[in-house]
Structures are given as C-alpha cells and as structure tokens.
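Descriptive analysis of the structure
Residues per chain, in single letters:
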Amino acid sequence: MMDFITTNILRNPPVLLGLIAMLGLILQKKEFTEVVKGTLLAAFGMLILNAGVSMLVSSISPINAAFQSLSGSGAAEGLNDVTFTGTYGGDVGLSMFVGLILHLLIARFTPIKTIFLTGHMLWWFPFIFVAAGVEAGLKGPMLIAVSAVFSALYWSVMPWLLRKYVFAVTGDESFTLGHPTGVLSLISGFVAGKVGNKDKSTESLTLPKGLSFFREISITGAVVIFIMFIAVGIAVPSSVAKDQNLFMVSVNQGLNFGAGLIIMLQGVRMLINQIVPAFKGISEKLVPNALPAFDCPIIFNYKPNAVLIGFVTAMVTSTIIVLICNSANVFHLMLIPLVITSFFECGAAAVIGEGQGGLRGCVIGTAVAAVVMVALVGVSAVMYSGTIQNWMLIFGGNDLSLFGIIANLIDKLLAVV
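Being a predicted model, the structure only gives us computed values, none of them experimental.

A word on the overall build of the protein. Within the protein one finds 13 helices and three strands. The globule rule puts the C-alpha radius of gyration for 417 residues at 22 Å, and the 21 Å found for the protein is close to it. For the C-alpha atoms alone, the extent of the protein along its principal axes is close to 55 × 55 × 45 Å. Within the protein, the fraction of its 417 residues that count as buried is 55%. The contacts in the protein between residues at least 6 apart in sequence include a share of 82% that link residues at least 24 apart. Of the roughly 17200 Å² of accessible surface on the protein, a fraction of 67% belongs to carbon and sulfur atoms. One finds the centroid of the 21 positive side-chain charges in the protein at a distance of 9 Å from the centroid of its 19 negative side-chain charges.

Encoded structure:
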C-alpha cells in the first residue's frame with residue numbers, strides 16, 4: 001500500500017494535484033459537475049506543465065551531457081539516483097511519509113502555514129537527507145526519523161520565507177514557491193533590493209521594430225538554445241550533434257525549447273486557474289490560512305523575459321566560475337556547468353530579483369546567485385563522495401545542496417552521540 005501511494009499518487013503530480021483540487025472543491029460543497037471539471041482540469045494543467053518541462057529538459061540535456069563528457073565526470077565512480085534508491089529506497093519512502101505527517105502538523109498548529117505541493121520534490125528532499133545520514137553513519141529508525149524531520153522543516157519553512165518575494169512578483173498572495181530555488185531566490189531578491197532599479201523592468205525592454213518578435217519568450221528562448229548548441233558543438237565537436245548536421249540539430253532543439261516554453265506556460269495558467277480556487281476549501285476547513293507551495297514554473301509566466309535573462313546570466317557566470325575552480329582544483333574534483341539548475345532554479349531567482357530590482361536587479365541578483373550555486377555544488381559533491389556525488393554534480397547547486405550540507409553536519413554530530 002505504501003509503495004502504491006508513493007509511486008502512483010505522491011510521485012505522480014497530475015494525480016496528486018487533481019485529488020487536492022477535488023478535496024478542496026468537495027470541502028467547498030461544490031456541485032458534482034464542478035468537482036469533476038475542476039479535478040480533471042487541474043490534472044490536465046499539471047500534465048501539460050510537465051510535458052512542457054520535459055521538452056525543455058530534453059532540449060538542454062545534450063548540452064549538459066556535452067559538459068559531462070568534456071570533464072570526464074560521467075566515468076566517475078559512485079552511486080546515482082537509481083542505485084542509491086535501490087539500496088535505500090525504503091528508508092526514503094518511510095522518511096517521506098513521516099515527514100509529510102510532520103509537515104501537515106506544522107501547518108495546522110504553528111504560524112508557518114504552507115502546504116508543499118511539488119510532487120517530485122516530496123521525494124527528492126528525503127532522498128537527499130537519507131543520503132546525508134548514510135554519509136554520516138546513521139542507520140535504521142534514527143536515519144528515517146532524522147530525515148523525516150529535516151524534510152518536514154524544509155517543506156514548511158522555505159516556502160514560508162519565500163512568500164513575500166513571490167507576492168511582490170505576482171501581486172497575488174494566494175500561493176508561494178515549493179522548489180529548491182529557495183536559497184538562490186532569497187539571495188537574488190536580497191541583492192536586487194539593494195542594487196536594483198524597479199523603474200526599468202525586464203518586461204518593458206524596448207526593441208527596434210524589426211526585432212519586436214524577440215518580445216515573445218518562445219522565440220527568444222529558441223534563438224538562445226540555437227546559439228548555445230552551435231557554440232557547444234563547435235567547442236566540443238560531435239558532442240551534441242553526433243553524426244548529424246550541427247546546424248539542423250541546433251535548429252530542431254531551439255524549436256523544441258520554444259515549443260516547450262509555450263506548452264509549459266499554458267499548463268501554468270490552467271493549473272493556477274483550477275488549483276488555487278480549489279485550495280481555498282482546504283485552507284478554510286482543514287488548515288486555516290494555508291498557502292499552497294508550487295513548482296517554480298508557476299512564476300515564469302509573470303516575468304518571462306527575466307527567466308531567459310536569468311538563464312543566460314547564470315550560465316555565463318557559473319561557467320566562468322566553474323572553469324576557475326577546475327583550473328585551481330578548488331574542490332579536488334571536476335565540476336561541470338549546471339545547465340538544468342541555471343534554467344529552473346536561477347530562472348526563478350531571476351524572476352524574484354526582477355520583482356525586487358527590475359532589470360538591473362535581475363541580472364546582478366542572478367549573477368551573485370550563480371556564484372553561490374557553484375560553491376554549493378562543489379561543497380556538497382565533496383560531502384556526498386560515498387553516495388550520490390554524480391547526481392549532485394548534475395542537479396545540485398541549490399537547496400538540495402545547501403540543506404544536504406547542513407543535514408550532513410548535524411547527522412555527524414548525532415552519529416557521535
């Protein structure tokens with residue numbers, strides 16, 4: 001039963017959010033037809049959002065793989081997400097269940113009232129915290145209990161800390177972010193508030209009439225990815241095109257990326273339109289004044305230009321820092337540019353920075369966050385050398401790294417006791 005719920009509901013965002021929408025509508029005593037409609041449209045919205053995100057990831061993954069092959073990191077020894085889960089998946093699952101119960105109790109009985117609804121991150125945070133405990137030497141009930149507490153605290157506290165920054169971007173106080181962009185977004189928002197200028201927004205950039213089509217995020221995104229593929233393909237021959245024509249591969253990947261953006265943003269709109277009103281039923285009846293915490297694409301629609309500006313800023317900044325760190329052997333391992341983290345986590349950080357300081361805040365805030373991103377992935381990869389180092393090198397540099405570091409240090413103290 002636990003495996004069924006974990007696999008088919010908690011790790012299945014369309015079903016999870018559809019059920020949450022259904023519960024909210026039932027608690028509001030909506031008519032049967034409205035419950036069915038709201039439930040299915042929320043699930044459809046999440047499916048569409050996931051489809052768009054999958055297209056975006058598949059478009060940038062070859063660039064990420066090219067960096068891995070260049071660094072040789074793909075040959076590194078160590079567990080990855082599949083092999084680690086094969087050994088410790090039961091501990092991760094139990095930590096998630098216990099953590100969810102604690103998370104709901106925190107929302108119900110403390111002033112920190114957020115409900116974390118990013119389905120896959122309900123798995124990845126216990127995954128990280130269990131790995132931290134394994135690295136420290138914890139096992140059995142102690143490993144599960146500590147990982148569950150860390151997970152519950154993260155799911156509750158980080159979305160709560162982010163809420164005012166999210167409100168400033170959206171002008172809407174009905175939801176917050178539940179995504180490992182947290183520390184990067186807080187840094188970007190803080191820096192942008194100090195050095196930014198709200199008078200000039202990323203969304204009001206003026207372009208010559210002949211280039212006005214660049215105001216469409218899908219077109220701009222397609223061009224950016226096209227240029228990145230050409231650049232990486234020239235720098236690392238056959239890395240992204242293999243035996244195919246580099247120009248046509250770049251064109252196709254750019255088109256896929258642009259289409260993915262359109263699909264993702266449509267899913268975001270549908271999800272907001274259905275899940276936020278439905279969630280009011282849960283907030284009113286079960287957890288008064290609770291805020292739903294969603295995946296980071298939920299705010300991309302509010303400042304789409306900032307997302308792409310942040311992506312480019314983060315890629316350029318972090319790649320320069322990675323090259324410096326690798327040349328100086330700072331972490332005694334080879335880092336690779338964090339393409340996926342640069343788009344999603346730093347894209348969200350750029351939106352938060354824009355909300356606090358306009359275009360200037362977006363660029364400077366994201367650049368500072370990108371430097372922190374590299375530092376976090378380097379330190380966490382070293383700490384996780386016996387478990388999930390390879391996974392961390394690709395998907396770290398965010399809250400997964402930061403709170404994994406903190407958990408590992410605390411776990412080592414507990415292991416001594």
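Pairing is parallel across the open sheet formed by three strands, whose spatial order is β1-β3-β2. Strand pairing shows two members of the sheet lacking a second neighbour, β1 (114-116) and β2 (176-177), which therefore form its edges. The sheet contact formed by β2 and strand β3 (residues 291-294) spans two bridges and is parallel. Opposite leucine 177, over in β3, you have phenylalanine 294 as the bridge partner.

With that out of the way, let us pick up the nonpolar core. Membership of the largest hydrophobic core comes to 121 residues, with the highest contact counts inside it found for Ile299, Phe300 and Phe343. The element that contributes the greatest number of residues to this core is helix α11 (residues 339-383), accounting for 19 residues. Sequence-distant contacts of isoleucine 299, defined by excluding residues within four places in its chain, comprise Val166, Thr170, Phe175, Leu177, Ala348, Val351 and Ile352.

Turning our attention to the packing of helix α10 (residues 304-328) against α11. Running from N to C, α10 and α11 cross one another at 130°; their axes reach a closest spacing of 9 Å. Accordingly, the angle class assigned to the pair α10 and α11 is oblique. The class makeup of the residues in the contact of α10 with α11 is 22 nonpolar, seven polar and one charged.

What counts as what
- Residues numbered from 1 in each chain as written.
- Predicted model: local features only at pLDDT ≥ 70, side-chain atom pairs only at ≥ 80, totals over all residues.
- Heavy atoms only, no water.
- Helix = DSSP H or I, 4+ residues; strand = E, 2+ residues; numbered from the N terminus.
- Rg over C-alpha atoms; globule rule 2.2 N^0.38 Å.
- Buried < 20%, exposed > 50% of the residue type's maximum accessible area, 1.4 Å probe, protein only.
- Contact = heavy atoms within 4.5 Å.
- Areas by Shrake-Rupley, 256 points an atom, 1.4 Å probe, with all protein chains shown as cover.
- Lys, Arg positive; Asp, Glu negative; His and termini not counted.
- Charge placed at Lys NZ, Arg CZ, Asp CG, Glu CD.
- Pairing = 2+ DSSP bridges.
- Core = buried A, V, L, I, M, F, W, Y, C linked by side-chain atoms within 4.5 Å.
- Axes fitted to C-alpha atoms, helices over the stretch in contact; angles between N-to-C directions.
- Parallel < 35°, antiparallel > 145°, perpendicular 65-115°, else oblique.
- Nonpolar A, V, L, I, M, F, W, Y, C, P; charged D, E, K, R; others polar.

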